[in-house]
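# Tertiary structure, described
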There are 2 protein chains.
Amino acid sequence: MTRPLMINSFNPEAAENLDEEVQALLERRKKVLGPSYKLFYETPVHAASAEGVWIMDSKGKRHLDVYNNVPSVGHCNPKVIEAVSRQMAVLNTHTRYLNDVVLTYAERLLGHFPSELSNVMFTCTGSESSDLAMRIAKTHTGGSGIVVSENAYHGLTEQIARMSPSLGKGVPLWPNVRTVPAPDAYRIGKDQVGEVFAQSIRDAFADLERHGFAPAAFVADMIFSSDGIFSDPAGFLKPAAEAVRAAGALFIADEVQPGFGRTGVMWGFARHGIVPDLVLMGKPMGNGLPIGGVVARPELLSKFAENARYFNTFGGNPVCCAAALATLTVIEEDGLAQNAHKVGEYLKIGLGDITNGIDAAGDIRGAGLFVGLDFVKDPDTKEPHGELGLFVVNALRERNILISASGVEGNVLKIRPPLPFGIEHADIFLDAFRDVVRTPQFRKLAGC
Amino acid sequence: MTRPLMINSFNPEAAENLDEEVQALLERRKKVLGPSYKLFYETPVHAASAEGVWIMDSKGKRHLDVYNNVPSVGHCNPKVIEAVSRQMAVLNTHTRYLNDVVLTYAERLLGHFPSELSNVMFTCTGSESSDLAMRIAKTHTGGSGIVVSENAYHGLTEQIARMSPSLGKGVPLWPNVRTVPAPDAYRIGKDQVGEVFAQSIRDAFADLERHGFAPAAFVADMIFSSDGIFSDPAGFLKPAAEAVRAAGALFIADEVQPGFGRTGVMWGFARHGIVPDLVLMGKPMGNGLPIGGVVARPELLSKFAENARYFNTFGGNPVCCAAALATLTVIEEDGLAQNAHKVGEYLKIGLGDITNGIDAAGDIRGAGLFVGLDFVKDPDTKEPHGELGLFVVNALRERNILISASGVEGNVLKIRPPLPFGIEHADIFLDAFRDVVRTPQFRKLAGC
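Cut-offs and rules
Residues numbered from 1 in each chain as written. Chains lettered and ligands numbered in written order. Predicted model: local features only at pLDDT ≥ 70, side-chain atom pairs only at ≥ 80, totals over all residues. Heavy atoms only, no water. UniProt positions renumbered as here; feature names shortened; annotations may be inferred. Helix = DSSP H or I, 4+ residues; strand = E, 2+ residues; numbered from the N terminus. Rg over C-alpha atoms; globule rule 2.2 N^0.38 Å. Buried < 20%, exposed > 50% of the residue type's maximum accessible area, 1.4 Å probe, protein only. Areas by Shrake-Rupley, 256 points an atom, 1.4 Å probe, with all protein chains shown as cover. Lys, Arg positive; Asp, Glu negative; His and termini not counted. Charge placed at Lys NZ, Arg CZ, Asp CG, Glu CD. Contact = heavy atoms within 4.5 Å. Buried area = accessible area lost by both parts, 1.4 Å probe. Salt bridge = Lys/Arg side-chain N within 4 Å of Asp/Glu carboxyl O. Polar contact = N/O pair within 3.5 Å; in protein donor to acceptor, adjacent residues only side chain to side chain. Phe/Tyr/Trp six-rings, centres within 6.5 Å; stacked < 30°, edge-to-face > 60°. Lys NZ or Arg CZ within 6 Å of the ring centre and 35° of its normal. Least-squares fit on C-alpha atoms with pLDDT ≥ 70 in both. Pairing = 2+ DSSP bridges. pLDDT = per-residue confidence, 0-100. Domains from an automatic or database assignment.

As annotated in an unreviewed UniProt entry, chain A carries the name Aspartate aminotransferase family protein and is attributed to Hoeflea algicola. UniProt, in the comment section headed Cofactor (unreviewed entry), describes chain A in these words: "pyridoxal 5'-phosphate".

See below:
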């Protein structure tokens, strides 16, 4: 079987068994949006409305959202709606006029960072943040050598897509990019993973230098979501950070996935006790309004500012900043990072109970509300079991639970709900998962 | 005098004469936003609120907006606010679930294009649109050679910044990029400009091939805004389009500036009687909410979709699509393209009357509500008079008119207001401009 371009993607050739309404929408999509647009699941979801951790389809059926990290403070959060509606009625311009909203948000945001990281530049998307950070890193270091993890995804601009190996062989990596194996403590071992990962990075920068590419940056998702979710042991990135600095490169923390409280603390890098040079933000920042950013040590920005002007038309606009300010306020006031920690631990215990004695459930890991369940064909070889992962994803979807999978093979169940996900929601998810685990199909695939 | 990185930028070293409130904001900006952020004008504007074609500062002073093209259907347009607030309360997800809003908008938008251009892909910004289009063009053609105009600006990603010569020498162009002189009918001559421009393009692609870069794309702003606003004679781009196709490259129309009715018709390319291969959209599309897109002939997308997955997290989200749909509806229902044509013609006549007999006012040109006044040091040599352009910009700002300048030297007054700009607003602008023209400083600089 050739691997599809996207894990958990709908196969358009299987459309004929779907209901008429869905088929009509598929037809319209094909006609106007073209071939690049993909849908999730064997049976696509027609989303009609949403609230909190629930997505309603066009038939009025409720789906528990265990997937979406963009509506981080909950779908249709009333405080975000109110902030956006209010700001839209007052002013929405750009940063070439003075305006308070962008400054207030910047100050509040930077208050959540170590003091060294005291400047922020605003973009509209995580991709723009990655792209800007790479321009800054190359200008500051004078090098171009980049090291990423083997199944990394950092964005969709040409520069960034070609340093995002998870996009597959159809998108060739730049000559100045090297990949390193993911820090998979389950397969490498908890005691070794930090040093093994650091050594891979040293080797990668050495190889880049051997080919004439001076080191510029190491970039990594601080929870390695597309690699398969690697969060522990906390602190394992310390030797990596030392290796990056020793090579003369910048350490860039991609917080588009783990940032804003998801892992139980505000930033993924904080769990590792490190301070990055640049931090990338995106997805959850404005609860669905397009806003991203790069936080930086100020001295890294000076040469870039001397060489180039950088103006992002929509970046830092008052409306998106108002959305982001409201989102940040809800995270703080509702203690959503603490909730993520509490419910995440509860989920891991629940998953452990349900899979007790099932060899195919190789590893349960993650931090806060970013939990992974790693399915394997054999607990000794730990060979990824992608088929089982995708079976569970689609079986849960039939039980009105929206979820997806991660890892190169899609073998890691990716549990990443909006942050107001409570114990009561975790129970609904765990009940459905228990039900799936008891099906003959699961037991057959899992070799029980 | 070395040219600053940005035309009409505030010089932070001149801050000490500004009032305390502005100084405090400047201090906050410097502390948190860092050195890349620039402001407009000798005296920056502190924007507090806005409505229609007016921006109010923090003292309650009203400024006529003759600059901003993003709030295309007017600042704080109530129909756009209503559409966004309503959609935010219902659903805001992504294109991996089925949803009607993105399809309805796509269908309505494509109804404004020639039938060949029947697919659209959504992004969040004009930069992302440019970046995506270049990936599509390179994949489809197999080439990488790119031709742009000599002071073009197409966006801020690394790929696109390095094919945007207006960013200056600090941002080196890629080896596979060539520039051609702008189609300046004022200096080249109306009868020759089309063929001269086409020949430059032929030469540029030939030079690229000579250096091993097979042709991929010619990209141009359909009103050449950063080059100095070149709109006429309508049709002058026909020989250019033929030259591009003859070279085997794609013709990419950048409609981020002229698109959505600004030039008196829906798209800038339509004035030239040509059909591009790809069309880039951004700025005015959602009246300030971040949305952009690429419209394409469908056959150009197939190889790209086979090679790569492309998913833009916020691209095509229901809230930004609702904003864009409301914006498009206002453009249609209020006849804003027709208004742009009418008021634009009125402005050109008014500017002609006021500058009658002033040699330094070399040329008045433009289409719809994108009008340029080209200041020259000498009507025979037509040498650009950047100092006069910037004097007028700042003198108008002192008269509560917000405007800027364009062209390599900043010699072209750039008149580009929100589209609901009426005859009554044109009169206010023309009165202020007349007042500036009568000042001794203007007359001295203009050599009257």
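## Some points on the overall build of chain A
When helices and strands are tallied, chain A shows 14 helices and 15 strands. For 448 residues, the compact-globule estimate of 2.2 N^0.38 gives 22 Å, and the C-alpha radius of gyration of chain A, at 22 Å, lies within 12% of that figure. A burial count over chain A gives 65% of its 448 residues as buried. Approximately 15300 Å² of chain A is accessible, and the part contributed by carbon and sulfur atoms is 50%. Positive and negative charge centroids in chain A, built from 43 and 51 side chains respectively, lie 3 Å apart.

## Thoughts on the interface of chain B and chain A
Taken together, the contacts link 99 residues of chain B with 99 residues of chain A. Roughly 8900 Å² of surface becomes buried between chain B and chain A when both sides are summed, with 61% attributable to carbon and sulfur atoms. When the area that chain B buries against chain A is broken down by residue, the three leading residues are B:Y97, B:L98 and B:R309, summing to 10%. Between chain B and chain A we count four salt bridges in total. At the junction of chain B with chain A, the criterion picks out 43 residue pairs in polar contact (both at pLDDT 80 or more). Per element, the largest residue contribution to the side of chain B that touches chain A is nine residues, and it comes from helix α1 (residues 20–33) of chain B.

## Structural notes on the packing of aromatic side chains
What the rule picks out here adds up to 28 aromatic pairs over all chains. An aromatic cluster is present here, built from A:F197, A:F218, A:F224, A:F236 and A:F251 joined pairwise through their rings. Lying across the ring of B:Y153, A:R309 places its NZ or CZ 5.8 Å from the centre. If you follow B:R62 out to its NZ or CZ, it ends over the ring of B:W54, 3.6 Å from the centre.

## Remarks on the environment of A:E383
All names here are of chain A. When you line up the elements, E383 lands in the loop between β12 (370–375) and α12 (386–398). For the pair E383 and H154, spaced 229 residues apart in the sequence, the C-alpha separation amounts to 26 Å. Apart from the residues within four sequence positions on either side, E383 is in contact with F375, V376, K377 and D378.

## Looking at the relation of the copies chain B and chain A
With an RMSD of 0.0 Å, chain B superimposes on chain A once it is rotated by 180° and translated 0.0 Å along the axis. Such values leave the two copies arranged in the relation of a two-fold axis. The overlap is high: 100% of the interface residues of chain B also sit at the interface in chain A, so the same surface is used on both sides.

## Let's talk about the sheet that holds strand β13 (residues 401–402) of chain A
Residues and elements named next belong to chain A. One open sheet holds the four strands; their spatial order is β1-β2-β3-β13, and the pairing between them is mixed. Since the sheet does not close on itself, it has two edges, and those belong to β1 (47–51) and β13, each with one partner. When strand β2 (residues 54–57) meets strand β3 (residues 62–65), the two strands line up antiparallel, connected through three bridges. Bridge assignment links I55 to a residue of β3, and that residue is H63.

## Concerning the confidence of the model for chain A
The pLDDT averaged across chain A works out to 96; a share of 99% of its residues lies at or above 70. Both scores are available for the predicted complex, with the pTM at 0.97 and the ipTM at 0.97.

## What to know about the domain arrangement of chain A
Residues and elements named next belong to chain A. When the domains of chain A are assigned, the result is domain 1 (45–73 + 335–446) and domain 2 (78–333). Taken together, the 36 residues of domain 1 in the interface contact 30 residues of domain 2. Here domain 1 and domain 2 share an interface that buries about 2500 Å² over both sides, 56% of which is from carbon and sulfur atoms. Looking only at domain 1, the three residues that lose the most surface to domain 2 are V73, F370 and K382, adding up to 24% of its buried area.

## Points about the environment of A:F429
Residue and element names in this part refer to chain A. Structurally, F429 can be placed in helix α13 (residues 423–437). The spatial distance from the C-alpha of F429 to the C-alpha of A48 is 21 Å, given a sequence separation of 381 residues. In contact with F429, not counting residues within four places along its chain, are L64, V66, L347, L351, L396, I401, I403, I415 and F421.

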